[in-house]
Amino acid sequence: MADLDLVIDRRQFARRQSVPAQRRLYQALRAAILDGRLQAGALLPASRVLAQDLGIARNTAIHAYEQLGAEGYVQTSRQGTVVAALGAAPERPARQAIEQATGPALSQRVAGRGRVRHPEDDLRPFMPGTPALDAFPFALWRQLLERAQRQASSQDLGYRHAVGEPELRQAIATHLRAARGVRCQADQVIVTDGTQHSLDLCAHLLADPGERVWMEHPGYGGARTAFAAAGLVPVPITVDAEGQQAMESLWHTQAPRLVYATPSHQYPLGSVLTLPRRLALMEQARRHGAWILEDDYDSEFRHDGPPLAAMQGLVDDAPVVYLGTFSKSMFPGLRLGFIVMPAALADRAVAVVGELVRQGRVAEQRALATFIHEGHFARHLRRMRRLYAARQQALRESLSRHWPLDGAVLGGQGGMHLVLSLPADHPDAEVAERAWALGLSPRPLSSYGTPGGAAGFNGLVMGYAHVPQAAVDGHVQTLVDALR
């Protein structure tokens with residue numbers, strides 16, 4: 001007869017009180033059968049004996065045996081309940097053996113990418129892209145969200161408008177016309193799950209696999225990922241102090257279908273695309289049938305003057321698809337962004353999006369529409385602009401006091417991050433890894449490079465928006481420790 005002490009961990013069985021005893025017994029016996037501790041033909045204790053031994057009701061043991069019998073793990077005989085013959089149990093080969101037999105588990109496109117990210121990682125000091133969550137008007141937002149939920153009906157539980165709730169599309173269009181100089185109406189706005197979703201949609205809506213996309217170098221890695229997934233071919237365009245600069249010859253030898261740009265605050269270097277370059281880029285794009293994807297991710301936070309007008313609104317019928325997000329201006333967990341399609345494409349794009357997207361979260365979209373319409377969004381942006389300017393200044397002053405290396409501080413006209421250049425004998429990836437071990441999370445500038453682009457970018461991309469002023473000095477001193 002089977003020895004229960006070799007099959008059931010009695011202490012663990014007694015501790016798992018949140019799981020019914022019948023389920024606990026069933027799971028323990030099934031696991032013992034599957035991993036071979038209970039082999040075919042083994043005789044199990046009578047239900048009465050089993051119940052007394054474990055201190056459970058006899059019916060509990062009977063029901064567990066019945067469930068195992070129904071699933072074919074045990075069968076009754078003249079002797080009692082015995083383990084059924086299941087055949088050879090599948091072995092669990094080592095990971096190396098699996099990869100030798102089937103190849104790497106992940107595609108070459110993503111194999112070797114970064115570490116597993118946890119929610120708390122984005123809250124580490126100097127993580128780029130994280131807004132000041134502690135300064136968000138959460139109580140007000142909760143009130144608006146509860147109001148939207150009270151007003152919802154059963155019809156709102158189904159799939160919603162594929163391009164977003166009408167009141168949010170209208171609110172976004174109204175805000176963009178006033179604050180960013182974007183030329184648009186509500187029917188040109190497509191609400192998305194954020195910039196990554198927007199880029200994915202644009203890559204599939206506006207280009208075919210094998211066509212070229214011009215990418216800023218260095219540039220946003222999420223854009224590279226979206227375009228690679230769509231089968232597009234990246235062409236690196238180096239960025240300088242005046243933004244991206246494409247040589248005239250490239251328009252004839254490697255003309256793109258899409259041009260990805262962050263003109264108001266280049267990510268990550270922080271430069272601003274000059275007006276002559278903006279106009280030239282739009283003219284060439286129009287001439288060659290290309291679309292410019294203007295990613296205006298954090299343009300609201302300009303620190304040396306009013307926000308610059310969007311490139312999309314500079315000329316009539318600009319060949320520009322405008323992208324925005326609320327992850328930086330509100331909070332990342334909201335997962336809402338938007339696309340403003342050119343008027344010539346809006347109707348067709350909206351129809352196609354209806355086949356690709358299923359929307360929900362009606363309460364969040366309606367609450368956001370109210371947040372914008374009632375003026376809370378504009379007031380929040382003004383507060384954050386002042387706060388981020390103060391936090392950037394604190395970071396600059398601390399670096400001037402403590403940073404021991406020669407190196408320029410890039411960016412700073414706007415946004416939520418700075419770039420601290422490093423000398424060549426301090427590889428940024430190594431410094432960033434040591435900083436991570438000390439609880440900080442600046443990103444290595446070299447990781448933002450576009451494949452095929454020139455090497456030589458070496459520095460740290462340092463987010464400051466979520467770092468309280470009083471804590472900046474201590475974190476900078478910890479970063480100095482990472483150099484050692």
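Before any of the text, the structure's been laid out above.
Remember, predicted model here, so these are calculated numbers, not experimental data.

*Asks:* What is the right way to read the environment of alanine 46 from this model?
*Replies:* Assignment of secondary structure puts alanine 46 in the loop between helix H2 (21–34) and helix H3 (47–54). Since its relative accessible area comes to 44%, alanine 46 is described here as partly exposed. Distance from alanine 46 to valine 480, taken between C-alpha atoms, is 69 Å for residues 434 residues apart in sequence.

*Asks:* What am I meant to see in the environment of proline 306 here?
*Replies:* Within the element layout of this structure, proline 306 appears in the loop between strand E8 (291–295) and strand E9 (320–325). For the pair formed by proline 306 and alanine 179, sequence separation is 127 residues and the distance between their alpha carbons is 9.8 Å.

*Asks:* I tried to follow the environment of arginine 37 on my own but got confused; where do I start?
*Replies:* Considering the arrangement of structural elements, one finds arginine 37 in the loop between H2 and H3. A distance of 3.0 Å separates the side chain of arginine 37 from the side chain of aspartate 35, its partner in a polar contact.

*Asks:* Honestly, the packing of aromatic side chains in this entry has me stumped. Any pointers?
*Replies:* Two aromatic rings are characterised by how far apart their centres lie and by the angle between their planes. By the definition in use, this model includes 15 aromatic pairs. Taking the centre distance of 6.4 Å and the plane angle of 65° together, the rings of phenylalanine 136 and tryptophan 141 count as edge-to-face. On the accessibility criterion, phenylalanine 136 (9% relative accessible area) is buried. You can call tryptophan 141 buried: its relative accessible area is 4%. Ring centres 5.9 Å apart and planes at 75° place the aromatic pair tryptophan 141 and phenylalanine 331 in the edge-to-face group. Of this pair, tryptophan 141 sits in helix H6 (residues 138–151) while phenylalanine 331 sits in the loop between E9 and strand E10 (337–340), and the two are 190 residues apart along the sequence. Judged on exposure class, the residue tryptophan 141 and its partner phenylalanine 331 are both buried.

*Asks:* Looking at this model, I keep getting lost on the sheet that holds E10. Mind explaining?
*Replies:* Pairing within the open sheet is mixed, and its eight strands lie in the order E3-E10-E9-E8-E7-E4-E5-E6. In this open sheet, the two edge strands, each paired with only one partner strand, are strand E3 (189–192) and strand E6 (243–244). On top of the sheet, helix H8 (residues 195–206) reaches E3, strand E7 (258–261), E8, E9 and E10; it is set at about 160° to E9, its chief contact. Helix H11 (residues 275–288) rests against strand E5 (233–240), E6, E7, E8 and E9 of the sheet, and its axis sits at about 145° to E8.

*Asks:* Is there a simple way to think about the sheet that holds strand E12 (residues 417–421) in this case?
*Replies:* Each strand in a sheet pairs with another by means of backbone hydrogen bonds, the pair being arranged parallel or else antiparallel. Pairing is antiparallel in the open sheet, where four strands are placed in the order E11-E12-E14-E13. The two strands at the open ends of the sheet, each matched to only one other strand, are strand E11 (409–410) and strand E13 (443–444). Here E12 pairs with strand E14 (residues 459–463) via five bridges, running antiparallel. Counted as the bridge partner of leucine 418 is methionine 462 from E14. Sitting on the sheet, helix H14 (residues 376–402) touches E11, E12 and E14, and the angle it makes with E12 is about 20°.

*Asks:* I would appreciate a short explanation of the side chain of arginine 278 in the present structure.
*Replies:* Looking at where arginine 278 falls in the secondary structure, it is placed in helix H11. For the buried arginine 278, which has no salt bridge, the nearest side chain bearing the opposite charge is glutamate 294, at an N-O separation of 4.9 Å. Within the structure, arginine 278 has its side chain in polar contact with the backbone oxygen of leucine 273 (distance 2.8 Å). Look past the residues within four positions of arginine 278 in its chain and what remains in contact with it is Pro263, Ser264, Val272, Leu273, Leu308, Ala309, Ala310, Met311 and Leu314.

*Asks:* What is the right way to read the nonpolar core from this model?
*Replies:* In a soluble, globular protein the nonpolar side chains are often hidden away together inside. Among the nonpolar cores identified, the biggest contains 61 residues, and Trp141, Phe326, Met330, Leu368, Tyr388 and Leu395 are the most heavily contacted of them. Counting residues per element, this core draws most heavily on H14, which supplies eight residues. Not counting residues within four places of it along the chain, the set of residues in contact with leucine 395 comprises Phe126, Leu418, Met462, Tyr464, Val472 and Val476. In this structure, Ile190, Met215, Ala230 and Val357 belong to the second largest nonpolar core, which totals 28 residues.

*Asks:* Any chance you could explain unusual backbone geometry here in plain terms?
*Replies:* Negative phi is the rule for most residues except glycine; trans is the rule for most peptide bonds. Each neighbour pair has its own omega, and for histidine 217 with proline 218 the value is -5°, a cis peptide bond. If you trace the backbone, proline 218 turns up in the loop between strand E4 (212–217) and helix H9 (221–229). One non-glycine residue with positive phi stands out, namely phenylalanine 126, at about 75°. With respect to the helices and strands, phenylalanine 126 occurs in the loop between helix H5 (95–102) and H6. The residue arginine 335 is not glycine, and still its phi comes out positive at about 50°. Within the secondary structure, arginine 335 is located in the loop between E9 and E10.

*Asks:* Can you walk me through H3 in this structure?
*Replies:* Note that an α-helix has 3.6 residues per turn; residues three or four places apart therefore point the same way. Ser47, Leu50, Ala51 and Leu54 are the residues of H3 that are buried. Down the axis of H3, the buried side of the element spans an arc of 100°, and every buried residue falls inside it.

*Asks:* Would you explain a nonpolar patch on the surface in this entry?
*Replies:* Residues Leu275, Leu279 and Leu314 make up a contiguous nonpolar surface patch of about 240 Å² in total accessible area. Residue placement: leucine 275 occurs in helix H11.

Conventions adopted
- Residues numbered from 1 in each chain as written.
- Predicted model: local features only at pLDDT ≥ 70, side-chain atom pairs only at ≥ 80, totals over all residues.
- Heavy atoms only, no water.
- Helix = DSSP H or I, 4+ residues; strand = E, 2+ residues; numbered from the N terminus.
- Buried < 20%, exposed > 50% of the residue type's maximum accessible area, 1.4 Å probe, protein only.
- Polar contact = N/O pair within 3.5 Å; in protein donor to acceptor, adjacent residues only side chain to side chain.
- Phe/Tyr/Trp six-rings, centres within 6.5 Å; stacked < 30°, edge-to-face > 60°.
- Pairing = 2+ DSSP bridges.
- Contact = heavy atoms within 4.5 Å.
- Axes fitted to C-alpha atoms, helices over the stretch in contact; angles between N-to-C directions.
- Lys, Arg positive; Asp, Glu negative; His and termini not counted.
- Salt bridge = Lys/Arg side-chain N within 4 Å of Asp/Glu carboxyl O.
- Core = buried A, V, L, I, M, F, W, Y, C linked by side-chain atoms within 4.5 Å.
- Arc of directions from axis to C-beta.
- Patch = residues over 30% accessible without salt bridge, like charges linked within 9 Å, V, L, I, M, F, W, Y side chains within 5 Å.
- Areas by Shrake-Rupley, 256 points an atom, 1.4 Å probe, with all protein chains shown as cover.

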